[in-house]
Amino acid sequence: MRNWSVAGILVMGLAGAGLAQDAADAVAPEGATALGGQVPDVLQPAFEARQAGKPYVSDNWMVAAAHPLAVEAGADVLRDGGTAADAMVAVQAVLGLVEPQSSGLGGGAFLVWYDAESGELTTLDGRETAPLAATPRLFQNIDGSPMGFWDAVVGGRSVGTPGTPRLMEVAHRKWGRAQWPSLFDHAVSLAEEGFSVSPRMAASVARDAERLASHPVTGAYFMPDGVAVTEGTLLKNPAYAQSLRLMAEQGAAPFYSGEIATDIIAAVRGANNPGVLSAVDLALYQVKERPAACAQYRGHDVCGMGPPSSGAIAVGQILGLVEKFDLASLGAQDAETWRIIGDAMRLSFADRGRYVADEDFVPVPTKGLLDRGYLAERAKLLEGDDALPEVAPGSPEFHHALNWADDDAIELPSTTHISIVDSYGNALSMTTTIENGFGSRVMTRGFLLNNELTDFSFRSHNNGVPVANRVEPGKRPRSSMAPTIVLKDGIPVLVVGSPGGSQIIGYVAKTIIGYLEWGLDVQQAIELPNRNNRFGRYDVEVEALSEELSAMGFEVSVRDMNSGIHAIAIGDRLSGGADPRREGLAYGE
Ligand code: GLY
């Protein structure tokens, strides 16, 4: 085992809407690190490939995730004949320990599954739900004005019913082959014997020390004796090991009606800024299987998670809007390319803000938003030479004559993405989150609880018009997570996704365009500079083309954009790519 790290602590790109976006930009959520952690010997070739900017190539299976120890756990399962669903359980269990700021048992996830035997694609919605006692005023002050962001996030108020433990169980029941208890072995050993804190985790703890200290259990774990853990600290988490042991023995049940459920509720209700989560919320929680939302792009089907995520709709809209332009000839270095992509992003974000929410509560025109005729008509707006002076939502075909107001949900970029292809030909794309870095900062049983409810719009109405993504009891907050599988003639060719709050949409669209349009390999596509335009301001990662984009009328902001794209291209062989902006790897055999 070799220890390695690269400093590269950066301030990251952020998400939000309008003023909310600026507010979000002023705070420091989960920061970026270039590399970090421990690389087990078996993964050294994968590390070297990533350092050289090359994909890692294999013949039988591949796993790409945000931390080498999680990749190692997944690889062991796949090598032993486990499926992608089995490997996901092992990867998620380790990520919850070694990358606790990004995802875990206290959070939620979306999973896209391609089943090699049936040729079918499906999605699992393990999104958190609002408590039954929550009201549209959850994040409003007495006078109805939206609460300050941190006043909403930190404490029990923002915690939704976690979905990840149940999703792990459901995925394993449906598609697993390995013995369930064995999938926790890696994570239990690491939690009991200790793991080396990575540079990314250490930097995140240092930056968030004050908020972590606001909850005594959280403060004691991340700052033992009042001192923040640093890179290389050997950290043990016996409480997490105990939770995993219970899960290995009893499945997800203890999280929803057993002793862990009791502790989750006590933590939420006993925290500063308490929440209203109850035993009924946990007992009623369900993972929902939903059809994939698919868009067509250059002869491919780009499929992902529909509502309550806006991910597949927005990625599909961006691709549908740019398809008529000859991006292949223009290339990735031309400002005209990024004018078209940037304004396509703005158009899709305008629709997202107006129409997308949990469709079990509000009708969402998913088909209308991805309709090729609708997108072709809207793409005419992109035919000029300059940035669009203003952008408004369109009018997709929508059988429900309802009008929604635009929402102001803030989504900060934390979260993590797992891509896996197994030796049976199944493919899994899963984005998993506790929302903000360290979620609500409330910890129990060795894991952090999410603050996913702040993905709802804080405003329930705008000028008397209801916002689709307002808080309602039992509802799931709108997400931007975009776990994606791209198919050609029904066969998967690319598995991809990223963390990053509402920036996720641009990161994923960029990678697909780079791979399909410019013929880049998967690592090159991931490494393309990030350029995202969500609400008008053009966030760019590099100076190149900024002058040209400014001259076209865009407000350009050069900033660090902390994607964490993990992708696997499927051809004669498997090619895995891992984002050098984070600590992950792609490895296969
Ligand atoms: N909380 C990140 C997302 O769901 O988009």
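These lines cover the structure that appears in this document, whether it is placed above or below.

**A closer look at the sheet that holds strand β6 (residues 121-126)**
Spatial ordering of the open sheet is given by β9-β6-β5-β13-β12-β4-β25, a layout of seven strands whose pairing is antiparallel. Taken across any chain shown, the strands that pair with only one partner, and hence form the sheet edges, are β9 (288-290) and β25 (585-588). Between one strand and the next, the sheet's axes are offset by a mean angle of 15°, whatever the strand orientation. Looking at chain direction, strand β12 (residues 416-421) and strand β13 (residues 427-433) are connected through six bridges and run antiparallel. Residue pairing across strands places V421 opposite A427, the latter belonging to β13.

**Some details on the packing of helix α3 (residues 68-79) against helix α4 (residues 84-98)**
The contact between α3 and α4 brings their axes to 8 Å, and the two run at 155°. With respect to each other, α3 and α4 are oriented roughly antiparallel. In this structure, α3 crosses over α4, and the sense of that crossing is right-handed. The residues of α4 that touch α3, namely those facing L69, A70, A73, G74, V77 and L78, are A84, D86, A87, A90, V91, V94, L95 and V98. Broken down by class, the residue content of the contact of α3 with α4 amounts to twelve nonpolar, one polar and one charged.

**Some thoughts on the nonpolar core**
M88, L111, F184, F195, F222, I420 and L428 are the most contacted members of the largest nonpolar core, which has 103 residues in total. Here this core gets twelve residues from one element, more than from any other, and that element is α4. What L111 contacts, discounting residues up to four positions off in sequence, is M88, T122, T123, L124, L167, A171, W175, L428, S429 and M430. Of all hydrophobic cores here, the second largest spans 65 residues; its members include I341, M345, L520 and L549.

The rules behind each value
Residues numbered from 1 in each chain as written. Predicted model: local features only at pLDDT ≥ 70, side-chain atom pairs only at ≥ 80, totals over all residues. Heavy atoms only, no water. Pairing = 2+ DSSP bridges. Helix = DSSP H or I, 4+ residues; strand = E, 2+ residues; numbered from the N terminus. Axes fitted to C-alpha atoms, helices over the stretch in contact; angles between N-to-C directions. Parallel < 35°, antiparallel > 145°, perpendicular 65-115°, else oblique. Left-handed = near helix turned anticlockwise from the far one by under 90°. Contact = heavy atoms within 4.5 Å. Nonpolar A, V, L, I, M, F, W, Y, C, P; charged D, E, K, R; others polar. Core = buried A, V, L, I, M, F, W, Y, C linked by side-chain atoms within 4.5 Å. Buried < 20%, exposed > 50% of the residue type's maximum accessible area, 1.4 Å probe, protein only.

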